Amino acid sequence: MRFTYAEAMTQADYYAPLAQAAEAAGYTSMTVADSLIYPEESDSTYPYTDTGDREFLQGKDFIEAFILCAHLFAVTTTLRLTPFVVKLPVRPPVLAAKQASSLASLSGNRLGLGVGLSPWPEDFAALGVDWKRRGKRMDECMDILRGLTDPSGDFFGYDGEFYEFAPLQQRPAPTEKIPLLVGGHADAALRRAVLKGDGWMHAGGDGEELDRLLVRLAEIRREEGDTRDDFEVHVISYDAYDLDGIKRLEDKGVTDCIVGFRDPYVKGADPEPLEKKIKHLEWYGENIIAKAAQ
């Protein structure tokens, strides 16, 4: 089992010391949140909270995900970063591929690129991208990222419904494949993770729902003949906070536990001081990560 530290919607100057502390405590990865805009008016709902409220985002500082990754890679040496998740189809995919390959090259292949659909129509509108057929657009974006970040560094062209360009090259190429980890709970997202991705990222919820999603993911993998040993399954679960629970997750096919120590979906500023955050992640490193490795 691998362990990922999750912290979001806190003070921007906390991220570097938290990344360094997570690395020292034995975590494999740290998540990086992505939020592009907050519209003044919206009737959209957030799909991963009980009420659908999105007001918890108002006034929160978000460093752009690729830029924050560059900052955190510069102050760590072994920690992997997993954007959780980059809203891919609202971004120009050739630019996103260049950003991802640059990060992977500079960090020694420490990027696990979480990608997903934005739940906000306003993201698409603000960035001049059509909301319709966003799933198909997402598929094409992933194809382009896969082609342009290939470790071969070869020329790659694309001819799709939404994107078309003649063969081109982006250097430096990463020396290893950048894992594309697909976020989302819809059946289409699970199938996309299997057909086009290298893993799936769970966005939270109750244990019964997680079990249903894991069963469905396994069904899709069997249907598609996917027998990869390196397929990644990242989940948020209360089972991750004790050793017996971790064994249960392993038995269900989970490869990576995402753990945090506070509810980030609160309105207003994060009241928790940096020192308390570090104590929490260190406690988990000493009492769970270290013992799970024995």
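In case you missed it, the structure is sitting above this.
Residues numbered from 1 in each chain as written. Predicted model: local features only at pLDDT ≥ 70, side-chain atom pairs only at ≥ 80, totals over all residues. Heavy atoms only, no water.

Engineer: Could you give an account of helix H1 (residues 15-25), with specific residues and numbers?
Structural biologist: In terms of residue burial, H1 counts as a mostly covered element, since 8 of its 11 residues are buried. Considered for burial, the residues of H1 that qualify are Tyr15, Ala16, Leu18, Ala19, Ala21, Ala22, Glu23 and Ala25. The elements touched by buried residues of H1 are strand S1 (2-5), strand S2 (29-32), helix H2 (65-74) and helix H9 (274-292). (Buried < 20%, exposed > 50% of the residue type's maximum accessible area, 1.4 Å probe, protein only. Helix = DSSP H or I, 4+ residues; strand = E, 2+ residues; numbered from the N terminus. Contact = heavy atoms within 4.5 Å.)

Engineer: Describe in detail the environment of Leu113, supporting the description with residues and values.
Structural biologist: Tracing the sequence through the fold places Leu113 in strand S5 (residues 113-116). Residue classification places Leu113 among the buried positions, given a relative accessible area of 1%. The contacts of Leu113, once residues within four sequence positions are left out, are Phe66, Pro83, Val86, Ala100, Leu145, Ile178, Pro179, Leu180 and Leu181.

Engineer: Just give me the short version of the nonpolar core, but keep the residues and values in it.
Structural biologist: Formed by 68 residues in total, the largest nonpolar core has its most connected members in Tyr27, Met30, Leu72, Leu113, Trp200 and Tyr284. With sequence-adjacent residues up to four places away left out, Tyr27 is seen in contact with Phe3, Thr4, Tyr5, Ala22, Leu79, Val259, Phe261, Leu281, Tyr284, Gly285 and Ile289. Within the second largest apolar cluster, 6 residues are counted, among which are Ala8, Tyr46, Leu57 and Trp120. (Core = buried A, V, L, I, M, F, W, Y, C linked by side-chain atoms within 4.5 Å.)

Engineer: Which residues make up helix H5 (residues 134-148), and what are the values?
Structural biologist: End to end, H5 covers 21 Å across 15 residues, agreeing with the expected 21 Å (1.5 Å per residue, within 8%). Close packing links the buried residues of H5 with helix H3 (93-107), S5, strand S6 (156-159), strand S7 (164-168), strand S8 (180-183) and helix H6 (187-195). (Expected span 1.5 Å × (residues − 1).)

Engineer: Describe empty space enclosed by the protein, with residues and values.
Structural biologist: Per the stated rule, a full pass over the model turns up 2 cavities of 30 Å³ or more. When its volume is computed, the largest cavity comes out at roughly 70 Å³. Lining the largest cavity are Glu7, Ala8, Met9, Tyr15, Thr31, Val32, Ala33, Asp61, Phe62, Ile63 and Leu68. A per-class count over the lining of the largest cavity returns 8 nonpolar, 1 polar and 2 charged. Taken as a whole, the second largest cavity holds about 40 Å³ of empty space. (1 Å grid on protein atoms, 1.4 Å probe; cavity = no way out; pocket = protein on both sides within 12 Å on 5 of 7 lines; lining within 4 Å. Points joined across faces, edges and corners; volume = space filled by probe spheres on them. Nonpolar A, V, L, I, M, F, W, Y, C, P; charged D, E, K, R; others polar.)

Engineer: An account of the pairing of S6 is requested, with residue identities and associated values reported.
Structural biologist: Only one face of S6 is covered, namely the one carrying Phe156 and Tyr158; the face carrying Gly157 and Asp159 has none of its residues buried. Taken together, the 3 bridges between S6 and S7 define a ladder with antiparallel strand orientation. Within the sheet, the bridge partner assigned to Asp159 lies in S7 and is Glu164. What sits between the antiparallel neighbours S6 and S7 is a turn of 4 residues. (Pairing = 2+ DSSP bridges.)

Engineer: An account of the pairing of S5 is needed here, citing residue identities and associated values.
Structural biologist: Of the two faces of S5, the one lined by Leu113 and Val115 and the one lined by Gly114 and Gly116 are each fully buried. Bridge count between strand S4 (residues 86-87) and S5: 2 bridges; the pairing is parallel. Counted as the bridge partner of Lys87 is Gly116 from S5. Each parallel crossover has a hand, and the one from S4 via H3 to S5 is right-handed. Here S5 runs beside S8; their pairing, made up of 3 bridges, is parallel. Residue pairing in the sheet places Leu113 in a bridge with Leu180 of S8. (Right-handed = clockwise from strand over helix to strand, strands pointing away.)

Engineer: Help me get a handle on the sheet that holds S2, residues and values and all.
Structural biologist: Strand order in this open sheet of 9 strands is S3-S2-S1-S11-S10-S9-S8-S5-S4, and the pairing throughout is parallel. A single partner strand is all that each edge strand has here, and the edge strands are strand S3 (80-83) and S4. Each of S1 and strand S11 (256-259) is contacted by H9, which is oriented at about 175° to S1, the strand it contacts most. (Axes fitted to C-alpha atoms, helices over the stretch in contact; angles between N-to-C directions.)

Engineer: Give me the lowdown on the side chain of Glu7, citing residues and values where you can.
Structural biologist: Tracing the sequence through the fold places Glu7 in the loop between S1 and H1. Residue class for Glu7 comes out buried when judged on its relative accessible area of 6%. Among the polar contacts listed, one links the side chain of Glu7 to the side chain of Lys277, at a separation of 2.8 Å. Leaving out residues up to four positions away in the same chain, Glu7 has contacts with Tyr15, Leu18, Thr31, Arg262, Glu272 and Lys277. (Polar contact = N/O pair within 3.5 Å; in protein donor to acceptor, adjacent residues only side chain to side chain.)

Engineer: Can you explain the pattern of salt bridges? Please cite residues and give values.
Structural biologist: On inspection of all chains with the given rule, the structure shows 27 salt bridges. A salt bridge links Arg2 to Asp256, with the nearest nitrogen and oxygen atoms 2.8 Å apart. Of the two residues, Arg2 sits in strand S1 while Asp256 sits in strand S11, which places them 254 residues apart along the sequence. Residue classification places Arg2 among the partly exposed positions, given a relative accessible area of 32%. Judged by relative accessible area, which is 0%, Asp256 ranks as buried. For Asp198, the salt bridge identified is with Lys177, shortest N-O distance 2.9 Å. Of this pair, Asp198 sits in the loop between H6 and strand S9 (199-201) while Lys177 sits in the loop between S7 and S8, and the two are 21 residues apart along the sequence. Judged by its relative accessible area of 7%, Asp198 is buried. Assessed through its relative accessible area of 46%, Lys177 is described here as partly exposed. (Salt bridge = Lys/Arg side-chain N within 4 Å of Asp/Glu carboxyl O.)

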